[in-house]
Number of protein chains: 2
Amino acid sequence: MGGFVNASENIKEAAKRVVGEFTGIDDIYLEQVGAYGDINRDVERVISIAYYALVDINKFDTSLAEKYDARWARINQMPELIFDHNQMVKDTITQLQRRASVKPIGFNLLCDQFTLPTLQSLYESIYQETIDKRNFRKKLLTMEILEKLDEKDKSNSKRGAFYYQFNKEKYDQLIEQGMHFSL
Amino acid sequence: MGGFVNASENIKEAAKRVVGEFTGIDDIYLEQVGAYGDINRDVERVISIAYYALVDINKFDTSLAEKYDARWARINQMPELIFDHNQMVKDTITQLQRRASVKPIGFNLLCDQFTLPTLQSLYESIYQETIDKRNFRKKLLTMEILEKLDEKDKSNSKRGAFYYQFNKEKYDQLIEQGMHFSL
DNA sequence: GCAAAAGTGTTTAAAATACACCCATGA
DNA sequence: TCATGGGTGTATTTTAAACACTTTTGC
């Protein structure tokens, strides 16, 4: 999705506004990918600044997007885009992968509580490769930034998977102590 | 240094042109840092796109820069800058550190031939920490992307240090095989 | 001969990886 | 009872980190 920057807003505010118009979500996590300004990329000269947003898909209302003719696409099955938009998507994925290995941005994509199998499949989507579940759980749990809850999610299995929640205070504390998060 | 994007050039070309005007170097390695557009960052509304350049300091003519009132500064002793330029410098260093750990960008900062002590002190500057020279050399040499030459650089010691050169073919080949470079 | 930088290996600790079985439960 | 996804531990390999002495040579 895209739009223009108004004179009265900074560029991140503009991006937030556009996302809000398309999705109805007004408090959203955004990170800048970069600026794109090939001279022949549009009829008129346009410089685009690309952002990616991390959205909790459960909270997402798709009807608004459809009004604007916006579509969901899987990254494996991306349609061909106009101008340098293919490059934008490619760069976005690269940056997402790099940042995901340094920051726990995965948690922005999920509800407050989530199961470990869900979190794992999220990371598998980001990195486009499978992860051993024992190693994944070990790594996460030894960081001690997750809190196990008592409830289970039974939507994916009969046994059910325990919910966890991200402990941001603990995380911030570890960062301050110079800990290098990596997944 | 800074300048404006002309209607007839893309944004990277504009950055190259500006660097050329300030330094006399017209073929330069540039990477984009990002776009900055706080609304109160200037008298008129300006959106800046920041780039960093990697320059072989030996080839650099400082007289041109001085004409434009541009100055060299050590990152440890940066003066306070206007608007959001401090943030730009901060982000640049962060990005440089991240990219340096993934790409052998260090080699763009040196002449074709360089000594290992020089390369090491370059990386020490980038990461702002000292590195054990035995571990550094081991890591680099086991990658087999450097070729030892017969000549020595005697400018820094009586004994002299052997020159090496970067083997880009070998490096590209390793990348293609899925090798993950990291320093 | 001595100061100053270049060069060289080994040992230890930590982190990543590979791998296979039992558990709980709804149908 | 059985099919399905959830959960658990250990052994091995790889990688990172710590560490000290010898070499060369211009002065």
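Above this note sits the structure.
Here the structure is a predicted model, which means the values were calculated and not measured. (Residues numbered from 1 in each chain as written. Chains lettered and ligands numbered in written order. Predicted model: local features only at pLDDT ≥ 70, side-chain atom pairs only at ≥ 80, totals over all residues. Heavy atoms only, no water.)

Caption draft 1: Looking closely at the overall build of chain A. Within chain A, the secondary structure is distributed over six helices and five strands. With the C-alpha coordinates of chain A rotated into their principal frame, the extents come out at 55 × 40 × 30 Å. By residue count, 37% of the 183 residues in chain A fall in the buried class. The contacts of chain A with a sequence gap of at least 6 include a subset with a gap of at least 24, amounting to 51%. Working note: accessible area of chain A is about 11600 Å², and carbon and sulfur atoms make up 49% of it. Here chain A carries 25 positive and 28 negative side-chain charges, and the mean point of each set is 8 Å from the other. (Helix = DSSP H or I, 4+ residues; strand = E, 2+ residues; numbered from the N terminus. Buried < 20%, exposed > 50% of the residue type's maximum accessible area, 1.4 Å probe, protein only. Contact = heavy atoms within 4.5 Å. Areas by Shrake-Rupley, 256 points an atom, 1.4 Å probe, with all protein chains shown as cover. Lys, Arg positive; Asp, Glu negative; His and termini not counted. Charge placed at Lys NZ, Arg CZ, Asp CG, Glu CD.)

Caption draft 2: Structural context of the sheet that holds strand β5 (residues 161-166) of chain A. All names here are of chain A. Strands sit in the order β3-β5-β4 across an open sheet of three strands; the sheet is antiparallel. The sheet is open, and its two edges are formed by β3 (113-115) and β4 (146-153), each paired on a single side. Neighbour-to-neighbour, the strand axes of the sheet open up by a mean angle of 40°, direction not taken into account. (Pairing = 2+ DSSP bridges. Axes fitted to C-alpha atoms, helices over the stretch in contact; angles between N-to-C directions.)

Caption draft 3: Highlighting the protein's contact with DNA strand C. Near DNA strand C you find 20 residues, and of these Arg159 of chain A together with Lys133, Arg137, Lys138 and Arg159 of chain B are the closest. Near the protein, meaning within 4 Å, the atoms of DNA strand C are sugar or phosphate in a fraction of 40%, with bases accounting for the rest. In the model, a base oxygen of DNA strand C is placed 3.1 Å from a nitrogen or oxygen of the Lys138 of chain A side chain. In this structure, a phosphate oxygen belonging to DNA strand C sits 3.3 Å away from a side-chain N or O atom of Lys154 of chain A. Only α5 (133-143) of chain A together with α5 (133-143) and β5 (161-166) of chain B provide two or more residues apiece to the surface near DNA strand C. (Near = heavy atom within 4 Å. Polar contact = N/O pair within 3.5 Å; in protein donor to acceptor, adjacent residues only side chain to side chain.)

Caption draft 4: Just the relation of the copies chain B and chain A, in detail. You can overlay chain B on chain A at an RMSD of 0.1 Å; the transform is a turn of 179° with a shift of 0.0 Å along its axis. Those values place the two copies in the arrangement expected of a two-fold rotation axis. Relative to the rotation axis, the closest C-alpha in chain B is found at Gly34 of chain B, a distance of 2.4 Å. When the interface residues of chain B are mapped onto chain A, 100% of them are again interface residues, pointing to one common binding face. (Least-squares fit on C-alpha atoms with pLDDT ≥ 70 in both.)

Caption draft 5: How the structure looks around the packing of helix α3 (residues 85-100) of chain A against helix α4 (residues 116-127) of chain A. Residues and elements named next belong to chain A. Closest axis-to-axis distance for the α3/α4 pair is 9 Å, and the angle between their directions is 135°. Here α3 is positioned oblique relative to α4, judged by the angle of their axes. Each of Leu96, Gln97 and Ala100 in α3 lies in contact with α4, whose residues at this interface are Tyr123, Ile126 and Tyr127. Its residues placed into classes, the contact of α3 with α4 shows five nonpolar, one polar and no charged. (Parallel < 35°, antiparallel > 145°, perpendicular 65-115°, else oblique. Nonpolar A, V, L, I, M, F, W, Y, C, P; charged D, E, K, R; others polar.)

Caption draft 6: Quick peek at the pairing of β5 of chain B. Residue and element names in this part refer to chain B. Pairing geometry for strand β3 (residues 113-115) and β5, over three bridges, is antiparallel. Counted as the bridge partner of Gln113 is Gln165 from β5. As paired strands, strand β4 (residues 146-153) and β5 are joined by five bridges and run antiparallel to one another. Within β5, the residue paired with Lys152 across the bridge is Phe162.

Caption draft 7: A look at the packing of aromatic side chains. Residue and element names in this part refer to chain A. Taken as a whole and assessed by the stated rule, the structure comprises 10 aromatic pairs over all chains. Measuring from centroid to centroid gives 5.5 Å for Phe107 and Phe114, while their planes differ by 35°, and the two rings are tilted. Assigned by exposure class, Phe107 and Phe114 land together as buried. When the centroid spacing of 6.1 Å and the interplanar angle of 50° are considered together, the rings of Tyr123 and Phe136 count as tilted. Highlighted residues: Tyr123 in helix α4 and Phe136 in helix α5, separated in sequence by 13 residues. By relative accessible area, which is 3% here, Phe136 ends up buried. Members of the aromatic cluster, connected to one another through ring pairs, are Phe107, Phe114, Phe166 and Tyr171. Residue placement shows Lys148 over the ring face of Phe162; its charged tip is 4.3 Å from the ring centre. (Phe/Tyr/Trp six-rings, centres within 6.5 Å; stacked < 30°, edge-to-face > 60°. Lys NZ or Arg CZ within 6 Å of the ring centre and 35° of its normal.)

Functional significance is not addressed by these values, which are geometric in nature.
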